[in-house]
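Below are the chains, spelled out letter by letter.
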Amino acid sequence: MKTALDRIIDYKHDEVRALKAACSLADLEAAAKAASPVRGFAAALSSVADAGQNALICEIKRKSPSAGDILPGADPVEIARDYERGGAACLSVLTDMPSFGGNLADFEAIRSAVSIPMLRKDFMIDPIQIIEARAHGADCILIIMSAVVDSLAADLHHCATDLGMDVLIETHDEEEMERALRLPSPLIGVNNRDLKRMVTDLTTTERLAPMLPAGRHLVSESGIADPESIIRLRKVGSRRFLIGEWLMKQGASRSEQVTRLKLAC
Ligand SMILES: O=P(O)(O)OC[C@@H](O)[C@@H](O)c1c[nH]c2ccccc12
């Protein structure tokens, strides 16, 4: 039986084929070189975390396979401004259309409306997507260990760092963590959501956090739904958090909620 992740990866192959047919690598590379300079993503997280506060990567997505519709008519620029005003260190913007309702045009519009660094959140399976991300202004990309073999992960990583971007490596279990630690990125995500079964469990971060050696920074991702979740995850050393659905649903108090989460301890 195919999982939701398998289905996404299947259509990503179609998207990559279409991208390769629509534009030349040379043109994309030129656009990536001409794009606005990278804003340090990992550095922005560290400056908040090193000051003892919670470094938040606040996420924008209209829907998701696990939650269904989150905020279908959302104005992504308005939400991004709420996040920035509340004190988000960075943003994560889903650019996958079929499953998350996002796109690169939203990504660009947001990037010109805020000054904090941005992760292009998508399912990366080919270096061309990384070059495309930088061409649209991305400061960081995601590599999901359960979606790639080691050699592809290394190629994607290399491509991103060559373009000056940071990389967030996502893991969900011990085996993926061991594979992730063979890559040089300082940013190691632990996804509390099982992308195969679509259930979240904060004990995932608690279990994997002790595997991180000094010099690697843990980012706890998914299922964080109030200051209590943050307080709990701080106990295992996490100071960096990726939060989407709960903040998207906070409406008029979104920006105050970001501040509350940032200061929770
Ligand atoms: O909305 P949540 O539960 O706060 O989760 C945010 C983020 O961690 C989640 O969207 C995510 C984590 N890894 C991913 C990989 C692909 C797509 C989405 C994700």
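How each quantity is defined
Residues numbered from 1 in each chain as written. Predicted model: local features only at pLDDT ≥ 70, side-chain atom pairs only at ≥ 80, totals over all residues. UniProt positions renumbered as here; feature names shortened; annotations may be inferred. Helix = DSSP H or I, 4+ residues; strand = E, 2+ residues; numbered from the N terminus. Near = placed C-beta within 6 Å. Nonpolar A, V, L, I, M, F, W, Y, C, P; charged D, E, K, R; others polar. Pairing = 2+ DSSP bridges. Axes fitted to C-alpha atoms, helices over the stretch in contact; angles between N-to-C directions. Core = buried A, V, L, I, M, F, W, Y, C linked by C-beta atoms within 7 Å. Buried ≥ 20, exposed ≤ 12 C-beta atoms within 10 Å, placed from the backbone. Contact = placed C-beta atoms within 7 Å.

**A word on the UniProt feature "domain: Indole-3-glycerol phosphate synthase" (unreviewed entry) in the protein**
In step 1: Per the UniProt entry, the sites bearing "domain: Indole-3-glycerol phosphate synthase" (unreviewed entry) are residues 5–252 in this numbering.
In step 2: The span residues 5–252 is 44% helical and 19% strand by assignment, and the distance between its end C-alpha atoms comes to 33 Å.

**Focus on the site of the ligand**
In step 1: Glu 221, Ser 222, Leu 242, Gly 244 and Glu 245 are the nearest of the 14 residues found near the ligand.
In step 2: Going through the elements one at a time, β12 (240–243) and α12 (245–248) are the ones with two or more residues in the shell around the ligand.
In step 3: Partitioning the shell around the ligand into residue classes produces 5 nonpolar, 4 polar and 5 charged.

**Let's talk about the sheet that holds strand β5 (residues 118–121)**
Whenever strands of a sheet pair, they do so through backbone hydrogen bonds, lying parallel or antiparallel.
In step 1: On the basis of which strands lie adjacent, the closed barrel formed by 8 strands has the order β1-β4-β5-β6-β7-β8-β11-β12 and parallel pairing. On average, each strand axis in the sheet is tilted by 25° relative to the strand beside it, whichever way the strands run.
In step 2: In this sheet, β5 lies alongside strand β4 (residues 90–94) in parallel orientation, the contact comprising 4 bridges. The residue bridging Ser 92 from the neighbouring strand is Leu 119, located in β5.

**Structural notes on the nonpolar core**
In step 1: If you look at the biggest cluster of nonpolar residues, it comprises 67 residues, and the most contacted ones within it are Leu 56, Ile 57, Cys 90, Leu 91 and Ile 141.
In step 2: The residues touching Ile 141, leaving out its near neighbours within four places in the chain, are Arg 120, Met 124, Ile 130, Ala 133, Ala 160, Met 165 and Val 167.

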